[in-house]
Amino acid sequence: MYKSVIVGTGPAGLTAAIYLARANMRPLVIEGPEPGGQLTTTTEVENFPGFPEGITGTELMENMRKQAERFGAEFYTGWVKSVDLSKRPFKLQVEGKGEIVSETLIISTGASAKYLGIPNEKENIGRGISTCATCDGFFFRDKEIIVVGGGDSALEEANFLTRFASKVTLVHRRKELRASKIMQDRARSNEKIRWSLDKTPVEVVIDESGVTGLKVLNNSTGKVEVIQANGIFVAVGHHPNTSFLIGQINTDDNGYILTKPGTTETNIPGVFACGDVQDSRYRQAITAAGSGSMAAIDSEKFMESLEQ
Ligand code: NDP
């Protein structure tokens, strides 16, 4: 029986692990198929405080893991197949390890960016393909950029990227945008944004230097054309990694876990959520790490209340 189990090893889960290990809670940290989370899909991280020269996403996550191990956190790599949160202690069925029982549970399984699923896309993530303008926009100073998507995220990213890019082309598969009117108005008044609507992306164009453009199908004419760009930001939505929890915990309509404002408490006493799995708004490594420390403190306080 563990006092605390943490599921997910992005900045939220690993920060929770550091805090809980230092508090002698000897947490078990379960890492899934993408250890380190979304940060490992980016290259250089320049906005995480404390690294004036920047640090690679992979190195940052390896450092956090080592820091948690140093204080006694135990790690297990395996897929959580199902959980039983109907009563405490909570039970988790973990591939290769069987049943794990814990007094408290921290869920930090994050969210995954959706991709287009077209040729040359996945292979060039971090080499011209990105899903995070805040993380990677800086690397495209005075370059031409494409943003794919027609929702609020795409328009927000397009606007943000005009700070760096010489030109941003927004590619969307329909004539109508999904984004809110205010976001559309803001983007329409931005002179650096070009519109390429009713175009379906079919292939990322590359040469030996990396991404050089996007091949799109004009849905009205049936013609294929190439839009030149050095960087392509895919902003077609995220999905929270909560499928193993369906029906067991309160989520919003998009599957993000609902937490009590200002805390990491879920609707189940003893179950806490932190990082992107409960945050579709900020989605930053530093905000995830911050909420990880909150989850650890909330879970420690919960254990204390049981012992009193
Ligand atoms: P959305 O689901 O709202 O939009 C996704 C966009 O990507 C849609 O335009 C969709 O096209 C397009 N798309 C999806 N799959 C593909 C594909 N395979 N190929 C091409 N295009 C595709 O996601 P967002 O991340 O934009 O927003 C998520 C939520 O967060 C929303 O509720 C949004 O309002 C909110 N948000 C709010 C912000 C703000 O208020 N400042 C900022 C960012 C997000 P189609 O329209 O044809 O379906």
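Conventions adopted
Residues numbered from 1 in each chain as written. Predicted model: local features only at pLDDT ≥ 70, side-chain atom pairs only at ≥ 80, totals over all residues. Heavy atoms only, no water. Helix = DSSP H or I, 4+ residues; strand = E, 2+ residues; numbered from the N terminus. Buried < 20%, exposed > 50% of the residue type's maximum accessible area, 1.4 Å probe, protein only. Contact = heavy atoms within 4.5 Å. Near = heavy atom within 4 Å. Polar contact = N/O pair within 3.5 Å; in protein donor to acceptor, adjacent residues only side chain to side chain. Nonpolar A, V, L, I, M, F, W, Y, C, P; charged D, E, K, R; others polar. Pairing = 2+ DSSP bridges. Domains from an automatic or database assignment. Buried area = accessible area lost by both parts, 1.4 Å probe. Salt bridge = Lys/Arg side-chain N within 4 Å of Asp/Glu carboxyl O. Arc of directions from axis to C-beta.

K.L.:
Help me understand the environment of Glu95, please; the structure alone is not making it clear to me.
P.N.:
With respect to the helices, strands and loops of the structure, Glu95 is situated in the loop between β7 (90-94) and β8 (98-107). A residue is classified by how much of its surface remains accessible, and Glu95, at 46% relative accessible area, is partly exposed. Sequence separation of Glu95 and Phe71 is 24 residues, and the distance between their C-alpha atoms is 26 Å. Those residues within four positions of Glu95 in sequence are excluded, and the remaining contacts are Tyr76, Gly78, Trp79 and Lys81.

K.L.:
Before we go on, may I ask you to explain the site of the ligand in this structure?
P.N.:
The local shell around the ligand holds 14 residues, among which Asp152, Ser153, Arg173, Arg174 and Arg178 are the closest. At 2.6 Å from an oxygen atom of the ligand is found a side-chain nitrogen or oxygen belonging to Ser153. In terms of residue class, the shell around the ligand is made up of 3 nonpolar, 6 polar and 5 charged.

K.L.:
Explanation requested: the pairing of β7 in the structure shown.
P.N.:
Along any regular strand the residues' side chains alternate between the sheet's two faces. Every second residue of β7 is oriented toward a common face, the buried set being Phe90, Leu92 and Val94 and the non-buried set Lys91 and Gln93. Bridging between strand β6 (residues 80-84) and β7 involves 4 bridges; their strand directions are antiparallel. When the sheet's bridge partners are listed, Ser82 is paired in β7 with Gln93. If you look at the hairpin formed by β6 and β7, you'll find 5 residues sitting between the two strands. Here β7 folds back onto β8 in antiparallel fashion, the turn holding 3 residues, of which Gly96 has a positive phi close to 85°.

K.L.:
So what exactly am I meant to see when it comes to the domain arrangement of the chain here?
P.N.:
Accessible area lost when the parts come together is the quantity often used to give the size of an interface. On domain assignment, one finds that the chain holds domain 1 (2-112 + 238-307) and domain 2 (115-234). Taken residue by residue, the interface counts 8 residues in domain 1 and 8 residues in domain 2. Across the interface of domain 1 and domain 2, roughly 700 Å² is buried in total on both sides, 42% from carbon and sulfur atoms. Our enumeration of links across domain 1 and domain 2 arrives at 0 salt bridges. By residue class, the composition of the side of domain 1 that touches domain 2 is no nonpolar, 5 polar and 3 charged.

K.L.:
What should I look at first to understand helix α5 (residues 181-188) in this one?
P.N.:
Residues separated by three or four positions in an α-helix point in the same direction, a consequence of the helix having 3.6 residues per turn. Along α5, the positions that sit buried rather than exposed are Met183, Gln184 and Ala187. For α5, the angular spread of buried residues about the axis comes to 100°, placing them on one side. In α5, the exposed positions angled more than 90 degrees off the buried face are occupied by Lys181 and Ile182. Looking at the packing, one finds that the buried side of α5 touches α4 (152-161) and β13 (193-196).

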